[in-house]
Amino acid sequence: MELLEVPFPALEKGQVMVRNLYSVISAGTEGKTVSDARKGYIAKARSRQKEVKQLMEMIKTNGLLPTYKLVMNKLEAPSALGYSTAGEVIAIGEDITKFKVGDKVACGGATASHADVVAVSELLCVKLTEETELQQAAFTTIAAIAIQGIRQAKLRFGENCVIIGMGLLGQLTYKILESSGMYPIGIDISDAQVEAAKKAGITKVYNRNTKGIEQLIQQHTGGHEADAVIITAGTSSLDPVNFAGEVARKKAKVIIVGAVPTGFDRTNYYKKELELIMSSSYGPGRYDADYEEKGRDYPIGYVRWTENRNMQSFIDLLASDKLDVSGLITHTFKLEEAEKAYDLIHNKTEPFTGILIQYDIEKELKKSVVLNNNAVPEKEVNVGLIGAGSFAQGTLLPQMKRKCNFVGIATAKGNTARYVADKYGFSLCGESAEEVLQNEKVNTVFVLTRHNKHAEYVIKAIENKKHVFVEKPLAMSEEELEQIKTTYEKAVEKGEAGHLMVGFNRRFAPAVQKIKSLFSDEQPKSINMRINAGQLPASHWVNDPEIGGGRIIGEACHFIDLAMYLAGAEITAVSAVSMDDTQRQDNTLVINLEFKNGSVASISYFSNGSKKLPKEHIEVFCGGTVAQIDDFKSLTIFGNHKKRIKFKGHDKGHKDEIKQFFKSITGDQPCPVPFNESYLSTLATLKVLQSIRERRRVLMK
């Protein structure tokens, strides 16, 4: 665990930037995270069997060393903690209408971490009244979890409820029920937790092992047993679920909010016809990217209580003075002392319930973090990085190390920027992409964000007279592509254009370079590619039409460009047909390309295959010779004789791609991938989508 000085998070469209005043530590969720983090590698492996199996499969596919590097990078990278805060709005993003600078708010979600400044989606933020205490408001997100459990129980005024597990979540559930006209009864296996609940003002709370506990519950429910049971405990024991079955009345609901196993003894659940119901986090909208990231609310007429409305209902209870959770606050630590709070949770040195982190609102905050002011020679490659996800960290940055000067970095998450900056020696962690783009020391910008930001940052980098390396795709629409082309051509006319290169790395693979040496560009070729792309969850961001654009734009473009490079001529026509699938994502398709020199190519891009089959199989037929690439591990040439060449590792050209790009800048040489070819490859990719939509062959011009 470490406390890091990081840049402000990027403020995206539909987000609110908040300066935190208080945040609450979720002892259960965060305590487990910290406990797992402190385990050794063997203990981590034992507790993550699913990930270990994935690791074994990855080793078989990618080899031991690349897999080791990827895993170690994941283990080393810091993860921000926390998801329930309260503070003051200091900036608002585009399209925000419900909040203004200066508003006091409560925030939730993955980006509402223990940090001086956070940026959260509008629907994960609720406004506070002037009278609402910020310390209590900081509990809002955790309280929303309790409220969703109550809503799942469908309890009505005057009904009773047994709560099993009287930690923070259980005590919040008790107090909310009590303030809403219901009659809760708390149960816990720990005497210390029972006493802590009593100190917080909770009266009807008992130890699970109290003799005659079932009769006590009967007494408090008028002899009818519980109308509902809400389980907020965290344990591997089946006792909470079985005990719930014992104390629930006939036809009652048993709601699982905490982390408990769901196997149970059949007798009570069968005889009483009980309903066992899971409660998902803060409520409807949770884990839905359209709701949480894009701000698309559910209509109240169809979904009365969403996670945002659950959060708001807690704030309304506080504002009405019907609910007071101040008694749950047992400890308050300053941010600088946060590690002591987690030590307390981990070591259980004293009783605790609600643990607050308090922030210094008097100190001046710096939006960016300057790590050093090292001078960099103008004629060398001085890199500014925008975006630093898994691909950047695991593939590109290791190839760039010691071949350039790392100047500035900007990412959506400040802790990611700081981690990468420290690891690779960047001088600046910027609070926005603009800070990197406008940095005078930076002469080369790498755009490695999600796809929907590529065109915007490429255009800005050209306008700032930078060399640009952008990961594929160059653009997500023909409109974006033409804007890039126009901007680049204007820069060329003015003599201000640097290199603009798309990361079509397979061109630079040793196997591909060997094939290029076998044939001349004038020779017509027949090219066949079979790509076993594998399945990708429908919810993955690449499949989001607004963010990733789909796998044709996101990955198939690689093979369209490679086909054009191997053919040695421009693409003249495109036709494609996709297989129908339930998700309508066009991720299994056949693409046919025609070229100016008479070459033809067929690309079978399939996402419905087995992981056991190697991913990429490429064949080039020309002049009585066939060259066959087997997943970039080997090249077999069939001519007068058969010749097989094996390659070290799984070389898809990333190393030489970066090497040649940097050399072209320092040596004042042409760009390794000419802009016109990047443009045509991208245009052909977009024409594939048109061909599928219109069910016809599409000419490039």
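Preceding block: the structure.
Note that the coordinates shown come from a computational prediction; the quantities given were computed from them, not determined experimentally. (Residues numbered from 1 in each chain as written. Predicted model: local features only at pLDDT ≥ 70, side-chain atom pairs only at ≥ 80, totals over all residues. Heavy atoms only, no water.)

*Asks:* So what about the pattern of salt bridges? Which residues, and what values?
*Replies:* Tallied over the full model, the rule gives 35 salt bridges. Here Glu12 makes a salt bridge to Lys453, at a shortest N to O gap of 3.2 Å. Here Lys453 lies in the loop between strand 18 (444–447) and helix 18 (454–463) and Glu12 lies in the segment before strand 1 (15–25), a separation of 441 residues in the sequence. By relative accessible area, which is 21% here, Lys453 ends up partly exposed. When the shortest N-O distance is used, the salt bridge between Arg551 and Glu555 registers 3.8 Å. Of the two residues, Arg551 and Glu555 are both situated in helix 21 (residues 551–567); the distance of four residues between them amounts to about one turn of the helix. Taking the relative accessible area as the measure of exposure, Glu555 reaches 14% and is therefore buried. Salt bridges linked by common partners bring Arg506, Arg551, Glu555, Lys615, Glu616 and Lys652 together as one network. (Salt bridge = Lys/Arg side-chain N within 4 Å of Asp/Glu carboxyl O. Helix = DSSP H or I, 4+ residues; strand = E, 2+ residues; numbered from the N terminus. Buried < 20%, exposed > 50% of the residue type's maximum accessible area, 1.4 Å probe, protein only.)

*Asks:* Can you tell me about the pairing of strand 4 (residues 117–121), naming the residues and giving the values?
*Replies:* Judged by how many residues are buried, strand 4 sits mostly within the fold: five of five residues are covered. By the bridge criterion, five bridges tie strand 1 to strand 4 in an arrangement that is antiparallel. Bridge pairing links Gln15 to Ser121 in strand 4. (Pairing = 2+ DSSP bridges.)

*Asks:* How would you explain the sheet that holds strand 26 (residues 625–630) if you had to name every residue and give the values?
*Replies:* If you walk across this open sheet you meet the nine strands as 28-27-26-25-21-24-23-22-29, and the pairing is mixed. Strands at the two margins of the open sheet, each flanked by one partner only, are strand 28 (642–646) and strand 29 (698–699).

*Asks:* Go over the environment of Glu57, please, and point to the residues and values.
*Replies:* Along the chain, Glu57 falls in helix 3 (residues 49–62). Residues Glu57 and Gly548, 491 residues apart in the sequence, show an inter-C-alpha distance of 26 Å.

*Asks:* Give me the lowdown on the side chain of Thr411, citing residues and values where you can.
*Replies:* Its place among the elements puts Thr411 in the loop between strand 16 (405–410) and helix 16 (414–424). Within polar-contact distance, the side chain of Thr411 engages the backbone nitrogen of Ala417 at 3.3 Å. Not counting residues up to four positions away in its chain, the partners in contact with Thr411 are Ala10, Gly387, Ala388, Thr416 and Ala417. (Polar contact = N/O pair within 3.5 Å; in protein donor to acceptor, adjacent residues only side chain to side chain. Contact = heavy atoms within 4.5 Å.)

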